[in-house]
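Listed here are the chains, written in short residue letters.
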Amino acid sequence: LLGEIGVVEAVPSLGFALKDENINVRYAVVKALSQIKTDESIKYLTRALTDENPGIRTSAALSLGRIKGKGVAESLMLLLTDPDDTVRVATVKALGELGDRNTAGRLVRSLSDPNGFVVIATIEALSRIGGEGAKNALIKMLSAGDKEIKRTAIKAIAPFEDVENELIPYLNDSDWATRMAAVEVLGMRASAAGGNVKIELEKLLDKEEDPIVRKTIEECLDV
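Numbering of residues begins from 1 in every chain and follows the order in which that chain's sequence is written. Per-residue local features are limited, in this predicted model, to residues with pLDDT of at least 70; the limit for side-chain atom pairs, both in listing and counting, is 80 or more; totals at the level of whole chains, interfaces and linings are taken over all residues. Excluded from the side-chain calculation are hydrogens and water; included are all heavy atoms of the structure.

A. Local environment of the overall build of the protein chain. Helical segments are the DSSP runs of H or I of at least four residues, strand segments are the runs of E of at least two, and each set is numbered from the N terminus. The helix and strand tally for the protein chain stands at 15 helices and zero strands. When its C-alpha atoms are laid out on the principal axes, the protein chain stretches across 65 × 35 × 30 Å. The contact criterion used throughout is that any non-hydrogen atoms of two residues lie within 4.5 Å. Taking contacts inside the protein chain between residues at least 6 apart in sequence as the whole, the part at least 24 apart equals 58%. Accessible surface area values rest on a Shrake-Rupley calculation with a 1.4 Å probe, where residue burial reflects the displayed protein chains alone. Carbon together with sulfur atoms contributes 50% to the accessible area of the protein chain, which is approximately 11500 Å² in total. Charge counting treats Lys and Arg as positive and Asp and Glu as negative, with His and both chain ends excluded. By convention, the point assigned to a charge is CZ for Arg, NZ for Lys, CD for Glu and CG for Asp. Separation between the mean location of the 29 positive side-chain charges and that of the 35 negative ones in the protein chain comes to 3 Å.

So this is what it looks like as structure tokens:
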């Protein structure tokens, strides 16, 4: 209730309640602090990143990403090596929300995380952050062996310029969903990227057997 009302004066007491032995109380505190959104509440949310419970660390990380407070990126990056997979996923998502390009170099390391969900979240975060370093890292992920990771990388590369030649080979991928992802991204660029993209889409239409992919190509080519 204190959080919903936005009682700024309650922040110190809420911060003290982060030490409560009951995990439900600590969850409620993190939520309240994220609703109040003052510099002091951000300070306490940063402390919650070190909570012994991974759920609290996850909640605090996501809250800090939504608030976009100053100086939180450094604290969040410490959790990129957290032993809990869910915490790492939340941390990557939070850094993506912050959109600080200074974090891109550190995020790139998470592309080699052993957990696939962390890798996918990292790809999406780098897409949001942008920049040449993020672009180059995402291009490398196009050759990932995991189909879902590959498809995520194709879609994540959509906001970047001059990536058409990197994506065209995936119009001939053996996986229909991967072809679909490439068609969707390249289709948005067919008119602006020059005739090469349109020609490749037309070639695929001539031989594509999957009805969903064919329909998408037809919509892109307006045929």
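B. Geometry of the environment of Thr 50. With respect to the helices and strands, the residue Thr 50 is situated in the loop between α4 (39-48) and α5 (54-67). Separated by 26 residues in sequence, Thr 50 and Leu 76 have C-alpha atoms that sit 10 Å apart. Separated by 2.7 Å, the side chain of Thr 50 and the backbone oxygen of Arg 47 make a polar contact. Between N or O atoms, a polar contact is any pair within 3.5 Å; within protein, one atom must be a potential hydrogen donor and the other a potential acceptor, and residues adjacent in sequence are included only when both atoms are from side chains.

C. Spatial organisation of the confidence of the model for the protein chain. The predictor attaches a confidence to each residue, and that confidence, scored 0 to 100, is pLDDT. Model confidence for the protein chain is summarised by a mean pLDDT of 92, while 97% of its residues fall at 70 or above. When pLDDT is averaged over each element of the protein chain, helix α9 (residues 116-129) comes out on top at 97 and helix α1 (residues 2-5) at the bottom at 85.

D. Spatial organisation of the packing of α5 against helix α7 (residues 85-98). At a closest axis distance of 8 Å, the pairing of α5 and α7 adopts a crossing angle of 10°. When the axis of α5 is compared with that of α7, the two are roughly parallel. Facing Pro 54, Arg 57, Thr 58, Ala 61, Leu 62, Leu 64 and Gly 65 of α5, the residues of α7 in contact are Thr 86, Val 87, Ala 90, Thr 91, Lys 93, Ala 94, Glu 97 and Leu 98. Every axis corresponds to a line fitted to the C-alpha atoms, with the helix fit spanning only the stretch in contact, and the corresponding angles, defined between N-to-C directions, vary from 0 to 180 degrees. Under this scheme an angle from 65 to 115 degrees is roughly perpendicular, one under 35 degrees roughly parallel, and one over 145 degrees roughly antiparallel; angles in between are oblique.

E. Region of interest: the packing of α7 against α9. Where α7 meets α9, the closest approach of the two axes is 8 Å, and the angle between their N-to-C directions is 5°. Taken together, α7 and α9 sit at an angle that is classed as roughly parallel. Every residue of α9 that contacts α7 at Asp 85, Arg 88, Val 89, Val 92, Lys 93, Leu 95, Gly 96 and Glu 97 is listed here: Phe 117, Val 118, Ala 121, Thr 122, Ala 125, Arg 128 and Ile 129. Classification used: nonpolar for Ala, Val, Leu, Ile, Met, Phe, Trp, Tyr, Cys and Pro, charged for Asp, Glu, Lys and Arg, polar for all others including Gly. A class-by-class count of the residues in the contact of α7 with α9 yields eight nonpolar, two polar and five charged.

F. Structural detail: unusual backbone geometry. Residue Lys 37 is not a glycine yet carries a positive backbone phi of 60°. Tracing the chain through its elements places Lys 37 in the loop between α3 (23-36) and α4. Classification of Lys 37 as exposed rests on a relative accessible area of 53%. Backbone geometry places Asp 162, a non-glycine residue, at a positive phi of 55°. The topology assignment puts Asp 162 in the loop between α11 (147-156) and α12 (164-167). A 1.4 Å probe rolled over the protein chains alone gives each residue an accessible area, and that area as a share of the maximum for its type sets the label: buried under 20%, exposed over 50%, partly exposed in between. Residue Asp 162 is classed as exposed on the basis of its relative accessible area, which comes to 65%.

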